[in-house]
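Inside the fold
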Amino acid sequence: MEYTRRASLVDISSDTNVWLDFATIDRLELPFKLPFTYLMNEEAAEDELLNPPGLGEDLVRHGLQKIELTEEEFYLAEEYVARYTKPSLYDCIALAVAKTRGITLLTGDGPLRKAAAAEGVEVMGTIGILDRLYDGNYIDEEEFHHCIGELMEHNGGKVRLPVAELKKRMK
């Protein structure tokens, strides 16, 4: 079944790991039910969305928008690479896009979340997406619990999420 995108109310700068979480639980389409447009730098999308095979194409088909960096974003990303040692270049690019455009950063990466907090950038991750899907009635309780259960099952391997947060949502 082909998915029809909703009108976007919010742009979100996207890192890779949240997409890997949703791919792992075979629910890649779910975040696209929200009224968000997910943005990712073209080079990051080409280099980081290789596994599982077809991930990048699936995300674009669902609505991921590949973007070019502005000059300001490029130079800010360079500053972040020099300032923060743990986030990768592509992490710093996602952060620069979020900071420059005044939008949320989608990531579950710990060092990137810390850098975003230091830069005053709002962050949302896999659990935040699921919470919004459930709270907004985009998914029902059964689907929500299925997703949380699958994330718990894969946690510690491909998925790395806070166990306490997952358990809290299973109740």
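Below is a short write-up of the structure. A quick note: this is a predicted structure, and the numbers were derived from the prediction, not measured.

**A look at empty space enclosed by the protein**
All told, the structure shown has 1 cavity of 30 Å³ or more when counted by the stated rule. Here the largest cavity is characterised by a volume of approximately 80 Å³. Breaking the lining of the largest cavity down by element, the ones donating at least two residues are β1 (10-14), β2 (36-41), α2 (42-48) and α5 (89-101). Top contributing element to the lining of the largest cavity by residue count: α5, with 4 residues. Its residues placed into classes, the lining of the largest cavity shows 8 nonpolar, 4 polar and 2 charged.

**Notes on the pairing of β1**
Relative to β2, β1 runs parallel, the two being bridged by 4 bridges. Bridging across to β2, Val-10 finds its partner in Phe-36. For the crossover from β1 across helix α1 (residues 17-24) to β2, the handedness is right-handed. Direction of pairing for β1 relative to strand β4 (residues 104-106): parallel, over a ladder of 3 bridges. Bridge pairing links Ser-14 to Leu-106 in β4.

**Thoughts on helix α3 (residues 55-62)**
Turning to α3, its buried residues are Leu-55, Gly-56, Leu-59 and His-62. Looking straight down α3, one finds its buried side chains confined to an arc of 130°; they lie on one side. Contacts from the buried residues of α3 go to α1. A positive backbone phi angle near 135° is found at Gly-63, which sits one or two residues after α3.

**Focus on the packing of aromatic side chains**
This model, assessed by the stated rule, comprises 7 aromatic pairs. Judged by centre distance (5.2 Å) and plane angle (15°), the ring pair of Trp-19 and Phe-32 falls under stacked. Taken as a pair, Trp-19 in helix α1 and Phe-32 in the loop between α1 and β2 lie far apart in primary sequence, 13 residues in all. The pair Trp-19 / Phe-32 is uniform in exposure class, with both members buried. Where Tyr-80 meets Tyr-84, the ring centres are 5.9 Å apart and the plane angle is 55°; that geometry is what we call tilted. Accessibility assignment for this pair places Tyr-80 and Tyr-84 in one class, buried. An aromatic cluster is defined as three or more aromatic residues linked by ring pairs; in this entry it consists of Trp-19, Phe-32, Phe-36 and Tyr-38.

Criteria and cut-off values
- Residues numbered from 1 in each chain as written.
- Predicted model: local features only at pLDDT ≥ 70, side-chain atom pairs only at ≥ 80, totals over all residues.
- Heavy atoms only, no water.
- 1 Å grid on protein atoms, 1.4 Å probe; cavity = no way out; pocket = protein on both sides within 12 Å on 5 of 7 lines; lining within 4 Å.
- Points joined across faces, edges and corners; volume = space filled by probe spheres on them.
- Helix = DSSP H or I, 4+ residues; strand = E, 2+ residues; numbered from the N terminus.
- Nonpolar A, V, L, I, M, F, W, Y, C, P; charged D, E, K, R; others polar.
- Pairing = 2+ DSSP bridges.
- Right-handed = clockwise from strand over helix to strand, strands pointing away.
- Buried < 20%, exposed > 50% of the residue type's maximum accessible area, 1.4 Å probe, protein only.
- Arc of directions from axis to C-beta.
- Contact = heavy atoms within 4.5 Å.
- Phe/Tyr/Trp six-rings, centres within 6.5 Å; stacked < 30°, edge-to-face > 60°.

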